[in-house]
Amino acid sequence: MSGKSGSRTRNAKAKSAESSLNVYYRSLKDDILSGCLQPGFKLTTSFLYERYKAGIGTMREALSALQAEGLVEADLGRGFWVAAMSESDLRDVSVLYIEFEERAVVESVRHGGEAWEIRVLSSFHRLARLEALPREERIERSGEWLECHRAFHLELVSACPSPWLMRIRAVLFDHMERYRLVSQKHRPLSTHKRKEHELIRDAALCRRAEEAGALVREHLQETTDTVLKCAHHFLADK
């Protein structure tokens, strides 16, 4: 009995440590993506502990994971800092992201079953309710909209059968999301995204895979072009 009890205790501790790491990793990542932590900001041990109350081991694991994703940079002897942003990087990321997102949507529409249809419809409904709100209320609930928007695009590609495509797509999504979020305060609130989302939903649920992919490409390219127009406000290079 004592052996089983000890094993359960070790498992519980391991799960608790993993949960703490995930919470810390997610919090730090969200602060980087939102621009709360600006490019080049030094991620010192004292700052990380004061802000996130994480131990040194947890810090290093999370920072290493974010470094692998390209959101954190490091150098021997200099520590960690938030990865740089630039117009050239934005152009590079956007081209690749749009390409992989379109491909993932096409494959997902081709392979998705009934459960996928329900998830897409449900996520669209939550997003559409927010997008139908008056401008002032939409701004106040921007955080909620962000989660619903992310969920809708994720459900669209969730039936894609390629694990590698989904892995690459996830990394590119985060980097593109970072540029989109940081640029928000420099560009006007879009008034036509709701209609674009409706068209994408209809094409996906009617199993028009190529059309759905093309609509997603247009949707993402328009956002990229808008971000690029105001890039001089928040990016160093031209």
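As a reminder, the structure under discussion sits directly above these lines.
Structure report, in brief.

How each quantity is defined
- Residues numbered from 1 in each chain as written.
- Predicted model: local features only at pLDDT ≥ 70, side-chain atom pairs only at ≥ 80, totals over all residues.
- Heavy atoms only, no water.
- Helix = DSSP H or I, 4+ residues; strand = E, 2+ residues; numbered from the N terminus.
- Buried < 20%, exposed > 50% of the residue type's maximum accessible area, 1.4 Å probe, protein only.
- Lys, Arg positive; Asp, Glu negative; His and termini not counted.
- Salt bridge = Lys/Arg side-chain N within 4 Å of Asp/Glu carboxyl O.
- Polar contact = N/O pair within 3.5 Å; in protein donor to acceptor, adjacent residues only side chain to side chain.
- Contact = heavy atoms within 4.5 Å.
- Core = buried A, V, L, I, M, F, W, Y, C linked by side-chain atoms within 4.5 Å.
- Phe/Tyr/Trp six-rings, centres within 6.5 Å; stacked < 30°, edge-to-face > 60°.
- Axes fitted to C-alpha atoms, helices over the stretch in contact; angles between N-to-C directions.
- Parallel < 35°, antiparallel > 145°, perpendicular 65-115°, else oblique.
- Left-handed = near helix turned anticlockwise from the far one by under 90°.
- Nonpolar A, V, L, I, M, F, W, Y, C, P; charged D, E, K, R; others polar.
- Pairing = 2+ DSSP bridges.

### Let's talk about the side chain of Glu-131
Consideration 1: Looking at where Glu-131 falls in the secondary structure, it is placed in helix H5 (residues 114-131).
Consideration 2: The buried charged residue Glu-131 lacks any salt bridge, with Arg-138 as its nearest oppositely charged partner at 5.2 Å.
Consideration 3: Among the polar contacts listed, one links the side chain of Glu-131 to the side chain of His-197, at a separation of 3.0 Å.
Consideration 4: Ignoring anything within four residues of it in the chain, the contact list for Glu-131 reads Arg-138, Trp-145, Lys-193, Arg-194 and His-197.

### A word on the nonpolar core
Consideration 1: Core analysis: the biggest nonpolar cluster contains 64 residues, and Tyr-24, Leu-28, Ile-32, Leu-43 and Leu-48 have the highest contact counts within it.
Consideration 2: Ranked by residues supplied to this core, first place goes to helix H4 (residues 87-111) with nine residues.
Consideration 3: Those residues in contact with Tyr-24, other than ones at most four positions away along the chain, are Leu-48, Tyr-52, Ala-54, Thr-58, Met-59 and Ala-62.

### Description of the environment of Glu-69
Consideration 1: As for its position among the elements, Glu-69 is in the loop between helix H3 (56-68) and strand E1 (72-75).
Consideration 2: With 103 residues separating them in the primary sequence, Glu-69 and Leu-172 have C-alpha atoms 9.2 Å apart.
Consideration 3: Excluding anything up to four places from it in sequence, Glu-69 contacts Tyr-25, Lys-29, Val-171, Asp-174 and His-175.

### Some thoughts on the pattern of salt bridges
Consideration 1: Summed over the entire model, instances satisfying the criterion amount to 25 salt bridges.
Consideration 2: Between Glu-69 and Lys-29 there is a salt bridge, with the nearest N and O atoms lying 3.1 Å from each other. Placement of the pair is Glu-69 in the loop between H3 and E1 and Lys-29 in helix H1 (residues 2-34), with a sequence separation of 40 residues.
Consideration 3: We classify Lys-29 as buried; its relative accessible area is 5%.
Consideration 4: Across the pair Glu-222 and Lys-193 runs a salt bridge, and its minimum N-O distance is 2.6 Å. Taken together, the residues Glu-222 in helix H10 (residues 209-229) and Lys-193 in helix H9 (residues 193-205) connect sequence positions 29 residues apart.
Consideration 5: On the basis of relative accessibility, which here comes to 10%, the residue Lys-193 falls in the buried class.
Consideration 6: Shared partners join several salt bridges into a network, and the residues in it are Glu-99, Glu-102, Arg-103 and Arg-217.

### Quick word on the packing of aromatic side chains
The geometry of two aromatic rings is summed up by the distance between their centres and the angle between their planes.
Consideration 1: Per the stated rule, a full pass over the model turns up four aromatic pairs.
Consideration 2: Ring centres of Phe-41 and Phe-47 lie 4.9 Å apart, and the angle between their planes is 70°; on these two criteria the pair is classed as edge-to-face.
Consideration 3: A relative accessible area of 33% means that Phe-41 is categorised as partly exposed.
Consideration 4: What makes Phe-47 partly exposed here is its relative accessible area of 21%.

### Considerations on the packing of helix H8 (residues 163-183) against H10
For any two helices packed against each other, one specifies the inter-axial angle together with the distance between the axes.
Consideration 1: Where H8 contacts H10, the two axes come as close as 10 Å, and the packing angle between them is 50°. Between H8 and H10, the angle is such that the two are oblique. Crossing hand, H8 versus H10: left-handed. Each of Met-176, Tyr-179, Arg-180 and Ser-183 in H8 lies in contact with H10, whose residues at this interface are Thr-223, Thr-224 and Val-227.

### Things to note about the environment of Gln-38
Consideration 1: By the secondary structure assignment, Gln-38 is in the loop between H1 and helix H2 (45-52).
Consideration 2: The class for Gln-38 is exposed, based on a relative accessible area of 56%.
Consideration 3: As for Gln-38 and Val-182, which are separated by 144 residues in sequence, their C-alpha atoms are 9.2 Å apart.

### Some words on the packing of H5 against helix H7 (residues 142-157)
Consideration 1: Taken N-terminus to C-terminus, the directions of H5 and H7 make an angle of 155°; their axes are 9 Å apart at the nearest point. In terms of their interaxial angle, H5 and H7 are classed as roughly antiparallel. For H5 against H7, the interelement crossing comes out left-handed. Side by side, H5 and H7 meet where Trp-116, Arg-119, Val-120, Ser-123, Phe-124, Arg-126, Leu-127, Leu-130 and Glu-131 of the first sit next to Glu-144, Trp-145, Cys-148, His-149, Ala-151, Phe-152, Glu-155 and Leu-156 of the second.
Consideration 2: Tallied by class, residues from the contact of H5 with H7 come to ten nonpolar, two polar and five charged.

### Details of the pairing of E1
Consideration 1: Looking at chain direction, E1 and strand E2 (residues 79-82) are connected through four bridges and run antiparallel. Counterpart to Ala-74 in the pairing with E2 is Phe-80.
Consideration 2: Where E1 hands over to E2, the hairpin turn is made up of three residues, of which Gly-77 adopts a positive phi near 90°.

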